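So the chains spell out like this:
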Amino acid sequence: MNFPVTRMRRMRRTESLRALVRETRLHPGAVIYPLFLCPGEGVRKEIGSMPGVFNLSVDEAVKEAESCVELGIGGLLLFGLPSEKDEQATGAWSEDGIVQQGLRALKSNRKLDSLVTIADVCLCEYTSHGHCGIVARDAAHPADFHVENDASLELLARTAVSLAKAGADVVAPSDMMDGRVQAIRSALDDARLEDTPILSYAAKFASAFYGPFRDAADSAPQFGDRRSYQMDGANLREAMREIDLDLAEGADMILMKPALPYLDVIRAARDEFGVPLGAYQVSGEYCMLQAAFARGWLEPERAMLESLLSIRRAGADFIVTYFAKEAARLL
Ligand code: PBG
């Protein structure tokens, strides 16, 4: 039946009618806020390319977490800036690593019980060269390097166990080494941490949109790039295989990343896999919106919520976003 019997505008007339037929909703419990932990006390250092995002010492991170609880935010994703870096990424897996310290502080504060603490598992913030795994280099040809898959698995598994022992509710490997979910699952089980879930960054694309994060986490590779381990942005079918493999290896949830330039991948993953699925609105997505807000070119609240809604509509159950607090305030 067509016009004039059918008039789509009838259901758009008032906000109550629109609310009644709204298909997708955002809620604070489905957003995760990333925190960048650094050594020291009372440190709150804003990141140049990410207005409103800070490197925080553990005491400041606890305050930030308290405000997240008040806003009803679902959880935190923790990254660390170690005081020292080396080839073995010692700061990632040592018992007194910066994220381990942060987790103990967060977990000893009962006011924070409602927050799910998710620890990012990667080596790039902790290696002197900034790659996500162990690097082999030929002294005669320093430009030729190789990120060693299997040798990196042991350190990633050790990192995951150490973070779970320090109190992480969930561990989230973001390194893109093959077989890391299996290695982490079996190491957790051996350490009697069989109840710790794995959120795998199953489909993580090699993206220019991670640029500002590398300032925030001081993790830019010192040579080369990440294209030999992160995915080629052109590949949707390959993303489905990555997810399939991670689930077979024991991932409990999957994370897609970046979000806005890859909404089709999120949708395809949602249609193909009946598992909890998150999406990461990454640093570059955040900073391009912030840059437009600063110039008065976009309306901040509407543009922010619309970008988050699009990620939910594409099929994400939850969203990791630097807008978590602003969004929760509005919802
Ligand atoms: C670590 C990691 C990165 C991001 C999350 N985990 C950086 C990278 O892979 O280069 C990016 C997050 C963001 O851009 O907000 N491997």
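Above this text sits the structure in question.
It should be emphasised that the depicted structure is a prediction, and the values quoted were computed from it without experimental measurement.

Across its full length, the protein chain holds twelve helices and twelve strands. Scaling as 2.2 N^0.38, a compact globule of 331 residues should have a C-alpha radius of gyration of about 20 Å, and the protein chain matches this with 20 Å. Along the first, second and third principal axes, the C-alpha set of the protein chain runs to 75 × 45 × 45 Å. Counting over 331 residues, the protein chain shows a buried share of 54%. In the protein chain, once contacts between residues fewer than 6 apart in sequence are set aside, the share between residues at least 24 apart is 73%. Of note, the protein chain has its 37 positive side-chain charges centred 11 Å away from the centre of its 48 negative side-chain charges.

Attention shifts here to the site of the ligand. Lys204, Arg214, Lys257, Ser283 and Tyr322 are the nearest of the 18 residues found near the ligand. For the ligand, an oxygen atom lies 2.6 Å from a polar atom in the side chain of Arg214. Interatomic distance of 2.7 Å between a side-chain N/O atom of Ser283 and an oxygen atom of the ligand. Protein burial of the ligand: of its 400 Å² of free accessible surface, 100% is covered by the chains. A per-class count over the shell around the ligand returns ten nonpolar, three polar and five charged.

On to the packing of aromatic side chains. One pass over the full model with this rule turns up eleven aromatic pairs. Seen in terms of ring centroids, Phe205 and Tyr262 are 4.3 Å apart; in terms of plane orientation they differ by 10°. Their pairing is stacked. Highlighted residues: Phe205 in the loop between β9 (199-204) and α7 (211-216) and Tyr262 in the loop between β10 (253-257) and α9 (263-272), separated in sequence by 57 residues. Here Phe205 falls in the buried class, since its relative accessible area comes to 1%. A ring pair is formed by Tyr280 and Tyr322, whose centres lie 6.1 Å apart and whose planes are at 50°; its orientation type is tilted. Residue Tyr280 is located in strand β11 (residues 277-281), and its partner Tyr322 is located in the loop between β12 (318-321) and α12 (324-330); the two are separated by 42 residues in the primary sequence. For Tyr322, a relative accessible area of 1% corresponds to the buried category.

What follows is about the pairing of strand β1 (residues 31-37). Counting buried residues along β1, seven of its seven residues qualify, which places the element largely inside the surrounding structure. A two-sided burial pattern is seen for β1, the buried positions comprising Val31, Tyr33, Leu35 and Leu37 on one face and Ile32, Pro34 and Phe36 on the other. As defined by bridge partners, β1 adjoins strand β4 (residues 75-80) across six bridges and the pair is classed as parallel. Following the sheet pairing, Pro34 is matched in β4 by Leu77. Of the pairings in the sheet, the one linking β1 to strand β3 (residues 50-56) comprises two bridges and is parallel in character. The residue of β3 that forms the bridge with Phe36 is Asn55.

Bringing the environment of Tyr126 into the picture now. Looking at the element boundaries, Tyr126 is found in the loop between β5 (116-121) and β6 (134-138). Spatially, the C-alpha atom of Tyr126 lies 19 Å from that of Tyr201, the residues being 75 residues apart in sequence. The residues contacting Tyr126, other than those within four sequence positions of it, are Phe79, Gly80, Pro82, Lys85, Asp86, Ala89, Gly91, Ala92 and Val99.

For the rest of this paragraph, the subject is the nonpolar core. Counting residues in hydrophobic clusters, the biggest one holds 59 residues, and the most contacted among them are Phe36, Leu77, Met256, Ile266 and Tyr280. Here the element with the most residues in this core is helix α11 (residues 300-314); it accounts for five residues. Within the second largest apolar cluster, 56 residues are counted, among which are Leu123, Ile134, Val181 and Ala324.

Okay, α11 next. Taking 1.5 Å per residue, 15 residues should reach 21 Å; α11 reaches 21 Å between its end C-alpha atoms and fits that length. Against the buried residues of α11 lie α9, β11, α10 (283-294), β12 and α12. With its phi angle positive at about 125°, Gly315 sits one or two positions after the end of α11.

Turning our eyes to something else, we now look at the packing of α9 against α11. The interhelical angle for the contact between α9 and α11, taken along N-to-C directions, is 35°, at an axis separation of 8 Å. Listed contacts from α11 to Leu263, Ile266, Arg267 and Arg270 of α9 are Ser310, Ile311, Arg313 and Ala314. Here the contact of α9 with α11 is built from residues that sort into four nonpolar, one polar and three charged.

With the rule as written, the count across this model stands at four cavities of 30 Å³ or more. Estimates place the volume of the largest cavity at around 150 Å³. Together, 18 residues line the largest cavity, and Phe79, Lys204, Tyr210, Phe213 and Lys257 are the ones closest to its centre. Residue assignment for the lining of the largest cavity shows that the elements contributing at least two residues are β9 and α7. Split into classes, the residues belonging to the lining of the largest cavity amount to nine nonpolar, three polar and six charged. Computed from the structure, the second largest cavity encloses a volume of approximately 60 Å³. Lining the second largest cavity are Leu106, Lys107, Asn109, Leu112, Asp113, Leu115 and Thr117.

Rules used in this analysis
- Residues numbered from 1 in each chain as written.
- Predicted model: local features only at pLDDT ≥ 70, side-chain atom pairs only at ≥ 80, totals over all residues.
- Heavy atoms only, no water.
- Helix = DSSP H or I, 4+ residues; strand = E, 2+ residues; numbered from the N terminus.
- Rg over C-alpha atoms; globule rule 2.2 N^0.38 Å.
- Buried < 20%, exposed > 50% of the residue type's maximum accessible area, 1.4 Å probe, protein only.
- Contact = heavy atoms within 4.5 Å.
- Lys, Arg positive; Asp, Glu negative; His and termini not counted.
- Charge placed at Lys NZ, Arg CZ, Asp CG, Glu CD.
- Near = heavy atom within 4 Å.
- Polar contact = N/O pair within 3.5 Å; in protein donor to acceptor, adjacent residues only side chain to side chain.
- Areas by Shrake-Rupley, 256 points an atom, 1.4 Å probe, with all protein chains shown as cover.
- Nonpolar A, V, L, I, M, F, W, Y, C, P; charged D, E, K, R; others polar.
- Phe/Tyr/Trp six-rings, centres within 6.5 Å; stacked < 30°, edge-to-face > 60°.
- Pairing = 2+ DSSP bridges.
- Core = buried A, V, L, I, M, F, W, Y, C linked by side-chain atoms within 4.5 Å.
- Expected span 1.5 Å × (residues − 1).
- Axes fitted to C-alpha atoms, helices over the stretch in contact; angles between N-to-C directions.
- 1 Å grid on protein atoms, 1.4 Å probe; cavity = no way out; pocket = protein on both sides within 12 Å on 5 of 7 lines; lining within 4 Å.
- Points joined across faces, edges and corners; volume = space filled by probe spheres on them.

These figures come from the coordinates and say nothing about function on their own.
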